[in-house]
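# Observations on the three-dimensional arrangement
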Amino acid sequence: MTKVAVLGAAGGIGQPLSLLLKLDKAVTDLSLFDVVNVPGVGADLSHINTDAKVSYHLKSDNNGTGLQSALQGADIVIIPAGVPRKPGMTRDDLFKINGGICADLATGIATTCPDALVLVISNPVNSTVPIFAEVFKKHGSFNANKLFGVTWLDTVRANTFIAQATASYPTSFKVKVVGGHSGDTIVPLYSVTAADAYAKLSNEEESALIHRVQFGGDEVVQAKQGAGSATLSMAYAGYRFLKTFLNAKDLEEPIVESCYISLDESVKGAKETKAYLKELTGEDIEFFAMPCKLGSNGVESIEFDLLKAANDKERQLINVCANTLTGNINKGVSFIRGN
Ligand code: NAD
Ligand code: LMR
């Protein structure tokens, strides 16, 4: 029995993501939440003859208790709620609107399903995940092993783009990406996780490839000409990441995937990762995307060795990432602490 709640289910990501979840046998209850349009999306999906039971909830339902109804008993909450970018905007430009949305949703989760796995898609991920962590801490429900920024689209792009650069199949790669989710905070560890293909590239090709992974989101924003950002590839990435937890019970070996998590000491491997990042960058980094062993209860351990194996160029990229990322994290934390 697994209940998955999608917050922002009527949006560009929410709709295809909800469809993928409706098709998944491991989902028994699919709970859709939004501030608008969700009855239509829910009624539509509910006609599909798969077993997942669909319910839908508007924020305004029953005197404004729609969020609580949507979250009741949820095992996994995935959150693509909030505004997307238009050309010329950075993800950080979304902070003002999306920060408030995330704080409200976090409060609902903390008070209704505090033990759920929480997967945050809403941008700017570098700052929204710290908002969730702060709200959970306020309510005494913070569990660093269960809160994730979904950075899997960076992994998807890293695999696709190296395949295009080397005329290979995208499915032959399992690149791990570390850092954050915006521009130069995104650091693909190609030398560690795709060494053979990567070694064939010239210096110029290597730099172009890394730049494309870091700014892949911009390609979609430009192409959509004001109509938003990545939705279909993100729905796929969000589903694939969530699927890791659905599958975990049936697998003997935990899956290793990159995700943006708190480097709280309660997470196995966080202490070493933090110390390494401090030595390398001089920054105390509290949240960082790392390859993690994932099980049905969240993070089992951080795969620190993959980060340690980064080459000189990747270490330089992590150095560049650190400053921006620390600022983004502080922004999210201050939003809740009010300092
Ligand atoms: P969208 O505008 O199409 O959909 C967003 C949905 O959120 C809408 O249906 C809207 O009604 C809903 N919403 C707004 N306020 C809400 C609230 N308080 N509670 C519940 N729902 C609410 O946008 P989209 O293209 O689906 O993108 C959603 C977010 O995901 C954006 O912030 C975008 O930047 C982000 N995103 C992240 C990644 C990533 O890799 N993490 C990738 C793509 C997009
Ligand atoms: C992406 O990487 O596609 C998303 O973060 C959306 C964006 O704003 O680019």
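Residues numbered from 1 in each chain as written. Chains lettered and ligands numbered in written order. Predicted model: local features only at pLDDT ≥ 70, side-chain atom pairs only at ≥ 80, totals over all residues. Heavy atoms only, no water.

Now for the site of ligand 1. Not every one of the 29 residues close to ligand 1 is listed here, only the nearest: Gly-12, Ile-13, Asp-34, Val-83 and Asn-123. Measuring from an oxygen atom of ligand 1, one finds a backbone N or O atom of Val-83 at 2.9 Å. Between ligand 1 and the protein, one listed contact pairs a nitrogen atom with a backbone N or O atom of Ile-121 at 3.1 Å. Protein burial of ligand 1: of its 860 Å² of free accessible surface, 87% is covered by the chains. Elements that contribute at least two residues to the shell around ligand 1 include exactly strand S2 (29-34) and helix H5 (95-112). Broken down by element, the shell around ligand 1 gets its largest block of residues, 3 residues, from H5. Per-class residue counts for the shell around ligand 1 are 18 nonpolar, 10 polar and 1 charged. (Near = heavy atom within 4 Å. Polar contact = N/O pair within 3.5 Å; in protein donor to acceptor, adjacent residues only side chain to side chain. Areas by Shrake-Rupley, 256 points an atom, 1.4 Å probe, with all protein chains shown as cover. Helix = DSSP H or I, 4+ residues; strand = E, 2+ residues; numbered from the N terminus. Nonpolar A, V, L, I, M, F, W, Y, C, P; charged D, E, K, R; others polar.)

Note on placement: Thr-185 falls in the loop between strand S7 (177-179) and strand S8 (186-188). Residue Thr-185 is classed as buried on the basis of its relative accessible area, which comes to 0%. Apart from the residues lying within four places of it in its own chain, the contact partners of Thr-185 are Asn-126, Val-178, Gly-179, Gly-180, Cys-321, Thr-324, Leu-325 and Asn-328. (Buried < 20%, exposed > 50% of the residue type's maximum accessible area, 1.4 Å probe, protein only. Contact = heavy atoms within 4.5 Å.)

For the structure shown, the criterion picks out 8 aromatic pairs. Judged by centre distance (5.2 Å) and plane angle (25°), the rings of Tyr-190 and Tyr-198 are stacked. Given the relative accessible area of 0%, Tyr-190 is considered buried. A relative accessible area of 6% places Tyr-198 in the buried class. (Phe/Tyr/Trp six-rings, centres within 6.5 Å; stacked < 30°, edge-to-face > 60°.)

In terms of burial, strand S11 (residues 298-302) is largely enclosed, as 4 of its 5 residues are buried. The pairing of strand S10 (residues 287-295) with S11 spans 4 bridges and is antiparallel. Bridge pairing links Leu-294 to Val-299 in S11. Between S10 and S11, which pair antiparallel in sequence order, lie 2 residues. (Pairing = 2+ DSSP bridges.)

Around ligand 2, the surrounding shell consists of Arg-85, Arg-91, Asn-123, Leu-153, Arg-157, His-181, Gly-217, Ser-229 and Ala-230. Between ligand 2 and Arg-85, the relevant distance is 2.6 Å, taken from an oxygen atom to a side-chain nitrogen or oxygen of the residue. Asn-123 is positioned with one of its side-chain polar atoms (N or O) 2.8 Å from an oxygen atom of ligand 2. Burial of ligand 2 by the protein chains amounts to 96% of its free accessible area of 260 Å². Looking at the shell around ligand 2, its residues break down into 2 nonpolar, 4 polar and 3 charged.

Now for the packing of helix H13 (residues 270-281) against helix H15 (residues 312-337). It is the contact of H13 with H15, at a shortest axis distance of 9 Å, that shows an interaxial angle of 90°. Relative to H15, the element H13 lies roughly perpendicular. Every residue of H15 that contacts H13 at Tyr-276, Leu-277, Leu-280 and Thr-281 is listed here: Arg-315, Ile-318, Asn-319 and Ala-322. For the contact of H13 with H15, the class distribution of residues is 5 nonpolar, 2 polar and 1 charged. (Axes fitted to C-alpha atoms, helices over the stretch in contact; angles between N-to-C directions. Parallel < 35°, antiparallel > 145°, perpendicular 65-115°, else oblique.)

Turning next to helix H7 (residues 152-166). Over its 15 residues, H7 runs 21 Å from end to end, which matches the ideal 21 Å to within 8%, given 1.5 Å per residue. Across the 15 residues that make up H7, a large majority, 11, are buried. Within H7, burial applies to Trp-152, Leu-153, Asp-154, Thr-155, Val-156, Arg-157, Ala-158, Asn-159, Phe-161, Ile-162 and Ala-163. One or two steps after H7, the chain reaches Ala-167, where phi turns positive at roughly 50°. (Expected span 1.5 Å × (residues − 1).)

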